[in-house]
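# A look at the structure
Chain by chain, the residues run as shown.
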Amino acid sequence: MTVGIISKPKKTELAEVVPALKQWLEQRGITVLLDRETAMSLEGVQPGVPRTELAGRVDLLVVLGGDGTLLAAARAVGDRPLPILAVNLGGLGFLTAVTLPELYAALEQVLGGHHEVDCRRRLMVEVKREIGLGEAEVVATYHALNDAVLNKASIARILDFDAYLDGEFVSSYKADGLIIATPTGSTAYSLAAGGPIVAPAVDAVLVTPIASHTLTNRPLVVPGNSTIEVVVKSQEETVFLTVDGQVGLALHHGDRVVCRPSPRTVRLIRPPGKSYFEMLRSKLKWGQR
């Protein structure tokens, strides 16, 4: 068995956590590979491997950091059905639900085959741009675990969008932006913009306006097999598409952002003995019974 370790670079805990974790795994006959960022932050451990290459050479991925580190790891995994054990090294961390003290207990369960895995759906996000004569081409494709966000580049006037669901016109939006989110992403930017929390097992997609200038434009929850198309109507303002807060591009007037179910999933190892709502109570400081 081979285990890969991906971490958030320059975290002070890594100097203690990674060597001890590597030793613990190797004592059990497991080969350990580090991503390049982790190896560079530690002196004299071993050479690192590019993340995209690492994901193709391991049977299990341990991610040390926060939700951003996990999102980057999920992007590197691509379409591989690779289980990920995400360990929170500080911060809120809705996706990195395993705490550092729980790391070795979680690994014991995984190595013993007693763990549970949540398969999280992703969105396939395509940007279509007109090339003339009524034809359009796909200029970018992404697979989002959390969300696709159309937002302003800077302090500017409000943006204009038209939204369609399975070809049917839904609404025109005048807002600071628009979020298309998965249930996994419902606790990310969508939540901050006033969207609902949706349990990961629910097959749905969220459409959440950011600071809508029409009070009746409220967040929508639509079936997970829907195709959502957003047309950029703003002509003078720069609109950016950002996927999972990490990658994206500038959009042009008339560009169409098409979101539909992705064939790719992300396999997250569930923390030992923790339910989704227990995690919410812990992260959001909800009252206890």
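Residues numbered from 1 in each chain as written. Predicted model: local features only at pLDDT ≥ 70, side-chain atom pairs only at ≥ 80, totals over all residues. Heavy atoms only, no water.

### Some thoughts on empty space enclosed by the protein
The following threshold applies: Think of a 1 Å grid over just the protein atoms. A cavity is a set of points where a 1.4 Å probe fits yet cannot get out, a pocket is an open set with protein on both sides within 12 Å along at least five of seven lines, and lining residues have an atom within 4 Å of a point. Grid points are joined across faces, edges and corners, and a volume is the space filled by probe spheres set on the points. We count a stretch as a helix when DSSP gives it H or I for four or more residues in a row; a strand needs E for two or more, and each element gets its number in order from the N terminus. Classification used: nonpolar for Ala, Val, Leu, Ile, Met, Phe, Trp, Tyr, Cys and Pro, charged for Asp, Glu, Lys and Arg, polar for all others including Gly.
Enumeration over the complete set of coordinates arrives at 2 cavities of 30 Å³ or more. Taken together, Ala163, Tyr164, Leu165, Val170, Val207, Leu220, Val222 and Ile228 form the lining of the largest cavity. In terms of residue count, the dominant contributor to the lining of the largest cavity is strand 9 (residues 159-165) (3 residues). Per-class residue counts for the lining of the largest cavity are 8 nonpolar, no polar and no charged. What the second largest cavity holds in volume is close to 50 Å³. If you trace the second largest cavity, you find it lined by Phe94, Leu95, Arg120, Pro183, Thr184, Thr187, Val198, Pro200, Tyr276 and Met279. Here the residues of the lining of the second largest cavity sort into 7 nonpolar, 2 polar and 1 charged.

### Remarks on the pairing of strand 4 (residues 83-88)
Successive residues of a regular strand alternate their side chains across the two faces of the sheet. The condition is simple: Throughout this description, buried means an accessible area under 20% of the type-specific maximum (1.4 Å probe, protein chains only), exposed means over 50%, and partly exposed covers the range between. By this definition, two strands are paired if DSSP reports at least two bridges between them. Look down the strands so they point away from you; if going from the first strand over the helix to the second traces a clockwise path, that crossover is right-handed.
The element strand 4 is largely enclosed, with a buried count of 6 among its 6 residues. Two strands pair when backbone bridges link them, and strand 3 (residues 60-65) and strand 4 are joined in this way by 5 bridges, in the parallel orientation. Within strand 4, the position partnered with Gly65 by the bridge is Asn88. Traced from strand 3 through helix 4 (residues 67-77) to strand 4, the parallel crossover comes out right-handed. Sheet topology places strand 4 next to strand 17 (residues 256-269); 2 bridges connect them, and they run parallel. Bridging from a neighbouring strand, Pro83 pairs with Arg267 of strand 17. Looking at chain direction, strand 4 and strand 5 (residues 98-99) are connected through 2 bridges and run parallel. Note that in strand 5 the partner of Asn88 across the bridge is Thr99.

### Re the pairing of strand 15 (residues 239-243)
Only one face of strand 15 is covered, namely the face carrying Val239, Leu241 and Val243; the face carrying Phe240 and Thr242 is uncovered. For strand 8 (residues 147-152) and strand 15, the ladder comprises 5 bridges, and the chain directions are antiparallel. Bridge pairing in strand 15 places Val149 opposite Thr242. Note: strand 15 against strand 16 (residues 247-251), 5 bridges, orientation antiparallel. Directly across from Phe240, in strand 16, lies its bridge partner Ala250. Linking two consecutive strands that pair antiparallel, namely strand 15 and strand 16, is a turn of 3 residues; a positive phi of about 55° is found at Asp244 within it.

### So, the environment of Leu123
Just so we agree on the cut-off: In this analysis, two residues are considered to be in contact whenever any of their non-hydrogen atoms come within 4.5 Å of each other.
Note on placement: Leu123 falls in strand 6 (residues 117-132). When its relative accessible area of 3% is taken as the criterion, Leu123 is described as buried. When the C-alpha atoms of Leu123 and Ala144 are compared, they prove to be 5.0 Å apart, with 21 residues separating the residues in sequence. Each residue touching Leu123, except ones within four places of it in the same chain, is listed here: Tyr142, His143, Ala144, Ile180, Ala181, Thr182, Val205, Cys259, Arg260 and Ser262.

### Description of helix 7 (residues 276-284)
For the α-helix, the turn length of 3.6 residues means that residues three or four positions removed from each other point alike. Quick reminder of the rule: Taken from the helix axis, the directions to the C-beta atoms give the arc we talk about.
The complete set of buried residues in helix 7 reads Tyr276, Met279, Leu280 and Lys283. Projected onto a plane normal to the axis of helix 7, the buried residues spread over an arc of 100° and lie on a single side. Looking at the packing, one finds that the buried side of helix 7 touches strand 4.

### Topic: the packing of helix 1 (residues 14-26) against helix 5 (residues 103-111)
To be explicit about the condition: The angle between two axes is taken between their N-to-C directions and runs from 0 to 180 degrees, where each axis is a line fitted to C-alpha atoms and a helix contributes only its stretch in contact. Convention used here: angles under 35 degrees read as roughly parallel, angles over 145 as roughly antiparallel, angles from 65 to 115 as roughly perpendicular, and any remaining angle as oblique. The crossing is said to be left-handed when, going from far helix to near helix, the turn is anticlockwise and less than a right angle, and right-handed when the turn is clockwise.
Viewed as axis vectors pointing N to C, helix 1 and helix 5 meet at an angle of 30°, and their least axial separation amounts to 12 Å. Here helix 5 runs roughly parallel to helix 1, going by the angle between their axes. The interaxial crossing formed by helix 1 with helix 5 has right-handed handedness. Contact with helix 1, carried on its side by Val17, Ala20, Leu21, Trp24 and Leu25, involves Leu103, Tyr104, Leu107, Glu108 and Leu111 of helix 5 and no other residues of that element. Among the residues forming the contact of helix 1 with helix 5, the class breakdown is 9 nonpolar, no polar and 1 charged.

All quantities given are derived from atomic positions and should not be read as evidence of function.
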